[in-house]
Amino acid sequence: MTDERAVKRAVKAASLGNAMEWFDFGIYAYLAGTIGRVFFPSGSDTAQLLSSFAAFAVAFLVRPLGGMVFGPMGDRIGRKKVLALTMILMAIGTAAIGMLPTYAAVGFWSPLLLLLFRLLQGFSTGGEYGGASTFIAEYAPDRRRGYFGSFLELGTLAGYTGAAGLVTALTAWLGTETMDAWGWRIPFLVAGPLGLVGIYLRLKLDDTPAYLKLEEGNAHVPEAADQVKSTARGDLAKIFRQHWRTLVLCICLVGAYNITDYMLLSYMPTYLSDELHYSETHGLLVLVATMVVLMLVINQVGRLNDRFGRKPLLMTGMLGFLVLSVPAFLLVRQGSLPAVSAGMLMLGLSLVCLLGTMSAALPAMFPTSVRYGSLSVGYNLATSLFGGTTPLVITALIGATGSDMMPAYYAMAAALVGVVAVACMKETAQQPLEGSPPSVQTEQEAAELVRSQTPTPRF
């Protein structure tokens, strides 16, 4: 039986920590235009933007490395210690960017140092999602894993919303020239103290019941202990060898989900300002409003996937992007505030079906002994290949084709892969995590579970 107060504390710590992590990471995306002017001066606005998004994408190149380091470490020494460590590294990287000298001050060293600290951010993020989703999934009761898991992505949206809101307010207050001069530093410097709060929350928690149960069992079974210890020490070859089919499925799901996610939450303000000539402030305000709506409904999506299953909600989100991307971008291209808001909302409601479900569906794909490691590797490979490169790829496609509908076509291609992946995955709603005992919330639920597992007498 789960302790409801402990579950809520765990969900709060993981979600708030996740919010602060993605606040740090989102700041860069929303300051992409300013970063381009400050660190990559050139005669072309497109070249500046491509350079800025290339630095954005660089952080994703090391995410798989971070996943391969932090994931097996989390399986070996526990979830909470590694999650605290990733938080520390992210806070250091973000605050350091806020203190960097500009290109005008030190020339070539400025973008080089920016890339260095972006790599540190990306490395730390490699252990974040896999660990945080594993942490909540292993604390939550089987019948409410979707609901509690949805708070993780609520934290993601809150982090992005906070970053976008702060950048919007500063841009409106200070103006573009002052933001380029020194205002861009403020959001990065704010992230340091926020990171300390997240570290404190995570270190106060016990490790997950599923992990502690596994450790307790291994203490009495030396062979099992040796096996888990070997895997947790980083036997990545064994993970790839034994779980490669699930890893491929995970990469396809996460790749489709991340392309649509980063297209809407990271790239869209730049699209509105560069392609439709919205002011930077107006573009961010529309996105903030959209994310607030998603935050209001995401927990209901969690309840729905607990009741009806993970696959129906994931399929709804993928089909939404496949069918609605073109109509949504046609609305956005009209340029009026109602049309842009309606198009963004169409994409947002499709995305929230994925956001509210993935954090419960992905951890259930792997057994407890290798869950953190396997999920971190699969998630970060997909995010590195497809998520972080999304703004760069879309900007390049628009530049090559001259069509501002390329974001819609790119999202549709990703959604098509996602539809196939969802069709191939197993349904895991209301079922125990693989490698862990059933987890129930009440004595009545425990009694029902025992009765359902009691064999019917034959005579």
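On a predicted model such as this, the values are computed, not experimentally measured, just so you know.

Draft legend 1. Highlighting the overall build of the protein. Broken down by element type, the protein carries 20 helices and zero strands. Counting only C-alpha atoms and orienting by the principal axes, one finds that the protein spans roughly 85 × 45 × 40 Å. In the protein, the share of contacts with a sequence separation of at least 24, taken over all contacts with a separation of at least 6, comes to 85%. In the form shown here, the protein has an accessible surface area of approximately 18,000 Å², with 65% of it arising from carbon and sulfur atoms.

Draft legend 2. Broad picture of the nonpolar core. Ranked by size, the top nonpolar core spans 121 residues in total, and within it Y30, I35, L114, L253, L265 and L362 carry the most contacts. Considering every element that reaches this core, the biggest residue donor is helix 13 (residues 236-274), with 18 residues. When sequence neighbours within four positions are dropped, the list of residues in contact with L265 reads Y30, L157, Y160, L287, M291 and L351.

Draft legend 3. Spotlight on the environment of L345. Positionally, L345 belongs in helix 16 (residues 337-361). You can call L345 partly exposed: its relative accessible area is 32%. When the C-alpha positions of L345 and D3 are compared, they lie 37 Å apart, and in sequence the two are 342 residues distant.

Draft legend 4. Geometry of the packing of helix 13 against helix 15 (residues 310-334). Two numbers describe how helix 13 lies on helix 15: the axes approach to 12 Å, and their chain directions differ by 10°. In terms of orientation, helix 13 lies roughly parallel with respect to helix 15. Of the residues in helix 15, those touching helix 13 at L253, A256, Y257, T260, M263, M268, Y271 and L272 are M318, F321, F329, V332 and R333. In the contact of helix 13 with helix 15, the residues fall into 11 nonpolar, one polar and one charged.

Draft legend 5. Focus on the environment of T246. Structurally, T246 is set in helix 13. We classify T246 as partly exposed; its relative accessible area is 23%. As a C-alpha pair, T246 and L362 span 116 residues in sequence and 10 Å in three-dimensional space.

Draft legend 6. Geometry of the packing of aromatic side chains. Within the structure shown, the criterion is met by nine aromatic pairs. For the ring pair W184 and F188, a centre distance of 6.2 Å and an interplane angle of 75° mean the geometry is edge-to-face. Residues W184 and F188 agree in their burial class; the two are buried. Aromatic ring contacts, followed pair by pair, group F39, W184 and F188 into a single cluster.

Draft legend 7. Spatial organisation of the side chain of D142. In this fold, D142 is placed in the loop between helix 8 (128-139) and helix 9 (145-183). Here R145 takes part through its side chain, which lies 2.6 Å from a polar atom of the side chain of D142. Looking at D142, its side chain comes within polar contact range of the main-chain nitrogen of S439, at 2.9 Å.

Draft legend 8. The pattern of salt bridges, seen in detail. Going through the model one piece at a time under the given rule, you end up with 10 salt bridges. Note that R37 is salt-bridged to D180, the shortest N-O span being 2.8 Å. Of this pair, R37 sits in helix 2 (residues 32-39) while D180 sits in helix 9; the two residues are 143 residues apart in sequence, bridging distant segments of the chain. Classification of D180 by relative accessible area gives partly exposed; the value is 21%. A salt bridge links D75 to R79, with the nearest nitrogen and oxygen atoms 2.9 Å apart. Residue D75 shares its accessibility class with R79, and that shared class is buried. Three or more residues are tied together by salt bridges with common partners; here these are D75, R79, E138 and R371.

Draft legend 9. Examining helix 2 more closely. Burial within helix 2 is extensive, with six of its eight residues counted as buried. Restricting attention to buried positions, one finds in helix 2 the residues A32, T34, I35, G36, V38 and F39.

Draft legend 10. A look at a nonpolar patch on the surface. On the surface, a nonpolar cluster with roughly 420 Å² of combined accessible area is contributed by V106, F108, W109 and L112. Tracing the sequence through the fold places W109 in helix 7 (residues 109-125). For W109, a relative accessible area of 53% translates into the label exposed.

About the thresholds
Residues numbered from 1 in each chain as written. Predicted model: local features only at pLDDT ≥ 70, side-chain atom pairs only at ≥ 80, totals over all residues. Heavy atoms only, no water. Helix = DSSP H or I, 4+ residues; strand = E, 2+ residues; numbered from the N terminus. Contact = heavy atoms within 4.5 Å. Areas by Shrake-Rupley, 256 points an atom, 1.4 Å probe, with all protein chains shown as cover. Core = buried A, V, L, I, M, F, W, Y, C linked by side-chain atoms within 4.5 Å. Buried < 20%, exposed > 50% of the residue type's maximum accessible area, 1.4 Å probe, protein only. Axes fitted to C-alpha atoms, helices over the stretch in contact; angles between N-to-C directions. Parallel < 35°, antiparallel > 145°, perpendicular 65-115°, else oblique. Nonpolar A, V, L, I, M, F, W, Y, C, P; charged D, E, K, R; others polar. Phe/Tyr/Trp six-rings, centres within 6.5 Å; stacked < 30°, edge-to-face > 60°. Polar contact = N/O pair within 3.5 Å; in protein donor to acceptor, adjacent residues only side chain to side chain. Salt bridge = Lys/Arg side-chain N within 4 Å of Asp/Glu carboxyl O. Patch = residues over 30% accessible without salt bridge, like charges linked within 9 Å, V, L, I, M, F, W, Y side chains within 5 Å.

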